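Letter by letter, the chains look like this.
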Amino acid sequence: MNQEKVIEQLKVNIKAIYHKAVDADKVISAQQADGLGQFDKIFVDNSPFSTESDHFLPYVEELANDLLRLQQSEDEQSFKTVLEALVVKIELAHKTLASFKQLLG
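Predicted, not measured: the structure shown is a model, and the values here were computed from it.

(A) Seen up close, the packing of helix α1 (residues 3-33) against helix α3 (residues 76-104). For the pair α1 and α3, interaxial distance at closest approach is 10 Å and the crossing angle is 35 degrees. Like other packed secondary-structure pairs, α1 and α3 cross with a definite hand, here left-handed. In terms of residue class, the contact of α1 with α3 is built from 19 nonpolar, four polar and one charged.

The structure is reproduced here in C-alpha cells:
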C-alpha cells in the first residue's frame with residue numbers, strides 16, 4: 001500500500017475516533033458535573049500518548065498532530081517510525097473508547 005493510501009486510512013480512523021471521543025467527553029463532563037468520574041487522565045503513565053487529560057479530545061489532537069508529522073516525513077524510515085507509533089495510539093484509542101462505551105451499557 002502506498003503512503004497516500006495509508007494516510008487516507010489513518011484519516012478515516014482518526015475521524016471515527018474523533019466522533020466517538022466527542023460523545024465520550026459529553027458523558028465524562030456530565031458525570032464530573034454530578035461529582036462522578038473523578039480521575040486525572042484517560043491513559044496510564046506508560047501509554048504511548050504524551051498527552052495527559054481527563055477527556056478524550058486532547059488525545060485526538062495528539063493523533064492529528066502525529067498524522068501531520070507523518071505527512072511531513074521526508075524519508076521512508078521516518079515515515080515508518082512515525083507510522084508505527086501512530087498505529088499503536090490509534091489501536092489503543094479505539095480499544096479504550098469501545099471499552100468506555102461498553103462500560104456505560
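The rest of the description comes next.
(B) Local environment of the packing of α1 against helix α2 (residues 57-71). Running from N to C, α1 and α2 point in directions that differ by 165 degrees, and their axes come no closer than 9 Å. It follows from the interaxial angle that α1 and α2 lie roughly antiparallel. When the axes of α1 and α2 are compared, the crossing they make is left-handed. Contacts between α1 and α2 involve I7, L10, K11, I14, I17, Y18, A21, V22 and D25 from the former and L57, V60, L63, L67, L70 and Q71 from the latter. Here the residues of the contact of α1 with α2 sort into 12 nonpolar, one polar and two charged.

(C) Just the environment of E52, in detail. Among the structural elements, E52 can be located in the loop between α1 and α2. Judged by relative accessible area, which is 58%, E52 ranks as exposed. Apart from residues lying up to four places away in sequence, E52 is in contact with K41, D45 and Y59.

(D) Here's a closer look at the packing of aromatic side chains. Overall, the coordinates contain four aromatic pairs when judged by the stated rule. Between the aromatic rings of F43 and Y59, the centroid separation amounts to 4.8 Å while the plane-to-plane angle is 85 degrees, which identifies the pairing as edge-to-face. Within this pair, whereas F43 is found in the loop between α1 and α2, its partner Y59 is found in helix α2, the two being separated by 16 residues in sequence. When its relative accessible area of 7% is taken as the criterion, F43 is described as buried. Ring centres 5.8 Å apart and planes at 65 degrees place the aromatic pair F56 and F100 in the edge-to-face group.

(E) Seen up close, α3. In this model, α3 (29 residues) spans 42 Å end to end at C-alpha, consistent with the 42 Å of a helix rising 1.5 Å per residue. For α3, the full list of buried residues reads F79, V82, L83, L86, K89, I90, A93, T96, L97 and F100. Buried residues along α3 sit against α1 and α2. Where α3 begins, one side-chain oxygen reaches toward the backbone nitrogen of Q77, 3.0 Å away; that side chain belongs to D75.

(F) The arrangement of the environment of A93 in detail. Its place among the elements puts A93 in helix α3. Put simply, A93 and E52 are 41 residues apart on the chain and 13 Å apart in space, counted from C-alpha to C-alpha. Those residues in contact with A93, other than ones at most four positions away along the chain, are I17, F43, F49 and L63.

How each quantity is defined
Residues numbered from 1 in each chain as written. Predicted model: local features only at pLDDT ≥ 70, side-chain atom pairs only at ≥ 80, totals over all residues. Heavy atoms only, no water. Axes fitted to C-alpha atoms, helices over the stretch in contact; angles between N-to-C directions. Helix = DSSP H or I, 4+ residues; strand = E, 2+ residues; numbered from the N terminus. Left-handed = near helix turned anticlockwise from the far one by under 90°. Nonpolar A, V, L, I, M, F, W, Y, C, P; charged D, E, K, R; others polar. Parallel < 35°, antiparallel > 145°, perpendicular 65-115°, else oblique. Contact = heavy atoms within 4.5 Å. Buried < 20%, exposed > 50% of the residue type's maximum accessible area, 1.4 Å probe, protein only. Phe/Tyr/Trp six-rings, centres within 6.5 Å; stacked < 30°, edge-to-face > 60°. Expected span 1.5 Å × (residues − 1). Polar contact = N/O pair within 3.5 Å; in protein donor to acceptor, adjacent residues only side chain to side chain.

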